[in-house]
Amino acid sequence: MKSLDPVKKSSSEKLFEKPAEKAVEAPAEKEAETIDFSKVKVEPLFEELVDFDTFSKSDFRAVKIKDCVAVPKSKKLLQFTLDDGTGKDRTILSGIHEYYEPEELVGKTAIAIVNLPPRQMMGIASEGMLISAVHEEDGREGLNLLMVDDRIPAGAKLY
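So, here is what we can say about the structure in this document. For every chain, the first residue of the written sequence is number 1, and numbering continues from 1 onward in sequence order. It should be noted that, the model being predicted, local features are given only for residues of pLDDT at least 70 and side-chain atom pairs only at 80 or more, the latter also being counted only at that level, while totals for whole chains, interfaces and linings use all residues. Side-chain numbers come from the whole structure's heavy atoms, not from hydrogens or water.

### Some details on the sheet that holds strand S9 (residues 132–137)
Strand order in the open sheet made by the 3 strands is S1-S9-S10, with antiparallel pairing throughout. The open sheet terminates on both sides in strands that have one partner only, identified here as strand S1 (40–41) and strand S10 (140–145). Relative to S10, S9 is paired through 6 bridges, and the arrangement is antiparallel. Looking at the pairing, Glu137 lines up with Arg140 of S10. Only when DSSP finds a minimum of two bridges between them are two strands counted as paired. Strands are runs of DSSP state E lasting at least 2 residues, helices are runs of H or I lasting at least 4, and numbering of each runs from the N terminus.

### Things to note about the side chain of Asp84
Tracing the backbone through its elements, the reader meets Asp84 in the loop between strand S3 (78–83) and strand S4 (89–94). The buried label goes to any residue with under 20% of its type's maximum accessible area, the exposed label to any with over 50%, and the partly exposed label to all in between, with areas taken from a 1.4 Å probe on protein chains only. Asp84 gets classed as buried once you look at its relative accessible area, which sits at 7%. Any pair of nitrogen or oxygen atoms within 3.5 Å is treated as a polar contact; in protein, a donor-acceptor pairing is required on top of that, and neighbouring residues in sequence qualify only through side-chain atoms on both sides. In terms of polar contacts, Asp84 uses its side chain to reach the side chain of Thr86, at 2.6 Å. Setting aside anything within four residues of it in sequence, one finds Asp84 in contact with Val63, Arg90, Ala154 and Gly155. Contact definition: two residues touch when any of their heavy atoms are within 4.5 Å.

### Description of the packing of aromatic side chains
Think of it this way: a Phe, Tyr or Trp ring, Trp meaning its six-membered ring, pairs with another when their centres are within 6.5 Å, and the plane angle makes it stacked under 30 degrees, edge-to-face over 60, tilted otherwise. Under the defined criterion, the tally for this structure stands at 2 aromatic pairs. Aromatic side chains Phe52 and Phe55 sit 6.3 Å apart centroid to centroid with 50° between the ring planes, which places their arrangement in the tilted category. You can see Phe52 and its partner Phe55 sitting in helix H2 (residues 52–55), 3 residues apart, about one turn around the helix. For Phe52, a relative accessible area of 61% gives the class exposed. Here the aromatic residues Phe52, Phe55 and Phe60 are joined through ring pairs into a cluster of three or more. Definition used: whenever NZ (Lys) or CZ (Arg) falls within 6 Å of the ring centre and also within 35 degrees of the ring normal, the charge is taken to sit over that ring. A cation over a ring is seen here: Lys157 above Tyr159, with NZ or CZ 5.4 Å from the ring centre.

Put into structure tokens, the structure is as follows:
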């Protein structure tokens, strides 16, 4: 329906209008870091195909890192206490201590496969696997734990 008052704004226009007295300047954009990928090597793709039914058996979930500590007597392992949305803490061990300090990961949201059978590592049962991206640069392995927006709730399923 057309308004009789051509100057009057529709209710949807009013929703997006900023009052003049509350207008705030946007913070300056951070300068994007330029990364030179010309020296980066990644593993070749698998040639063997996996059928969809096999792939779909993997249960990928968003997990909140509640706690993270170095595993005693291990140079590589970190022990994660995770909220996977079930109400019960999940423990996963990951060999990423060379790349991360435990305290910098607490509070982050990561991605895990949660339906792997438990695996004993250094006498501790690891109940899944955290997902990381691995590459080689200048002859050294690089690793990035896959982390997502913290607004994604624990237990959200990935498709």
